[in-house]
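Coordinate analysis (summary)
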Amino acid sequence: MRHLAYILTAVLAWGTAPGARAADWQSLPASAYKMKDMTASLPLPAAPAAEKGRRLVCIDPGHPNSYSNGLTQINGTNETRINWQVALKLEQTLKEKGFDVVITKNAELQSVENKERALICNRSGATLAVHLHCETTPGSGYALYYPDREGTFNYNNDPDIGYKGPTPPVIAGSRLLAQAVQTGMRAKLAGLLNDLGIKGDSHTQVGANQGALTFSIFSQIPTLTIEMAVLTNKHDAAFIKSPEGQQKMAQAIASGIQLSAR
Ligand SMILES: [Zn+2]
């Protein structure tokens, strides 16, 4: 399945060629959308059981979903692409450190709803989930968001509207995960990216509305959203676009996850 994912990613790469502007994407021929639809119909990842003695980490490269496709071109890239590229490097790094990994999608442009992202992580048997995103607000650096209170899912068109979560143990575990990952990131990214700190989900737009982010509400395991860099900031964008920067980011997050697993 992963081979197919790579092939599809390569085939689709032209659709969001580096340097293309948002307007270019909107004016793509209908055939481009047809191929995009094809990835959307890919089956969601199977849930692998962790090998005996190995911990399973769920990596969620944020976007596309119906809330945001993450394809707006910013400083020569887009959020969906960066999240996916770092996710693959994080997968490799975690495996080298002895973890098993499940990723919430099979291809860069596969669309997965935020609720489904949490359910995939829950079903996988993972002991923790990290959601990879990039920020587009003013400023520079990385920030960590965890569910600091129970939220209520309020998507009008979803049958689970009114669902409340996460539970107090998940909230407590998420706080510990955030602290461990911050420690790892500070050590590996000092002098490269600013640490903008740990914040509650309620400091995000969706979290302010629901009390927590959607995948936090549905998560049954400690969960952390990592805004890895500010894409609209030229320094941050140059760092997180480069393979070297992405590798450093993957190593920083992995070392934090390793700290949390002790
Ligand atoms: Zn995002």
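Here's what I pulled together on the structure shown here. (Residues numbered from 1 in each chain as written. Predicted model: local features only at pLDDT ≥ 70, side-chain atom pairs only at ≥ 80, totals over all residues. Heavy atoms only, no water.)

1. Topic: the coordination of the zinc ion
Let me state the cut-off plainly: Sites may look incomplete, because water is not among the atoms used; the donor set itself consists of N, O and S atoms within 2.8 Å of the metal (3.2 Å for Na, K and Ca). Where helices and strands are cited, they refer to DSSP runs of H or I of at least four residues and of E of at least two residues respectively, numbered from the N terminus. Burial classes: relative accessible area under 20% of the type maximum marks a residue as buried, over 50% as exposed, and values in between as partly exposed (1.4 Å probe, protein chains only).
Protein coordination of the zinc ion is provided by H63 (NE2), E79 (OE) and H133 (ND1), with donor distances spanning 2.1 to 2.2 Å. Donor residues for the zinc ion, ordered by position in the chain, follow H-x15-E-x53-H. On the criterion of sequence distance, the pair formed by E79 in helix α4 (residues 79–96) and H133 in strand β3 (residues 128–135) is long-range, its members being 54 residues apart. Grouping residues by exposure puts E79 and H133 together as buried.

2. Quick word on the sheet that holds strand β7 (residues 195–200)
For the record, the criterion: Strands are labelled as partners when DSSP assigns at least two bridges between them. In this analysis, axes come from line fits to C-alpha atoms, helices being fitted only over the stretch in contact, and the angle between any two N-to-C directions falls in the range 0 to 180 degrees. Any pair of residues with heavy atoms lying within 4.5 Å of one another is described as a contacting pair.
Reading across the sheet, the six strands line up as β2-β1-β3-β8-β4-β7 and stay open at both edges, with mixed pairing between neighbours. The sheet is open, and its two edges are formed by β2 (100–103) and β7, each paired on a single side. The sheet shows a mean angle of 20° between the axes of neighbouring strands, taken without regard to direction. On top of the sheet, helix α6 (residues 168–189) reaches β3, β4 (142–146), β7 and β8 (223–230); it is set at about 170° to β4, its chief contact.

3. Concerning helix α10 (residues 243–260)
Every α-helix winds through 3.6 residues per turn, so residues three or four apart in the chain are directed the same way. The following threshold applies: For a helix, the expected span equals 1.5 Å multiplied by the residue count minus one.
Here α10 spans 26 Å end to end across 18 residues, near enough to the 26 Å set by a 1.5 Å rise per residue. Taken together, the buried positions of α10 are occupied by G245, Q246, M249, A250, A252, I253, A254, S255, G256 and I257. Contacts made by the buried residues of α10 are with β1 (56–61), α4, β3, α6, β8 and α9 (234–241).

4. Quick look at the packing of aromatic side chains
For clarity, the threshold we go by: We call Phe, Tyr and Trp rings a pair once their centres come within 6.5 Å, taking the six-membered ring for Trp, and we label the pair stacked below 30 degrees between planes, edge-to-face above 60, and tilted otherwise.
Enumeration according to the criterion identifies three aromatic pairs in this entry. Ring centres of F153 and F218 lie 4.9 Å apart, and the angle between their planes is 80°; on these two criteria the pair is classed as edge-to-face. Remark: F218 occurs in the loop between α8 (214–217) and β8 and F153 occurs in the loop between β5 (151–152) and β6 (164–165); sequence separation between them is 65 residues. Take F153: its relative accessible area is 1%, and that puts it in the buried class.

5. Points about the nonpolar core
Convention followed: Within this scheme, the nonpolar core is defined by two criteria: the residues are buried Ala, Val, Leu, Ile, Met, Phe, Trp, Tyr or Cys, and they are joined through side-chain atoms within 4.5 Å.
Among the nonpolar cores identified, the biggest contains 40 residues, and I59, M185, I226, M228 and M249 are the most heavily contacted of them. By size, the runner-up hydrophobic cluster in this structure holds eight residues, among which are A118, F153, V206 and A212.

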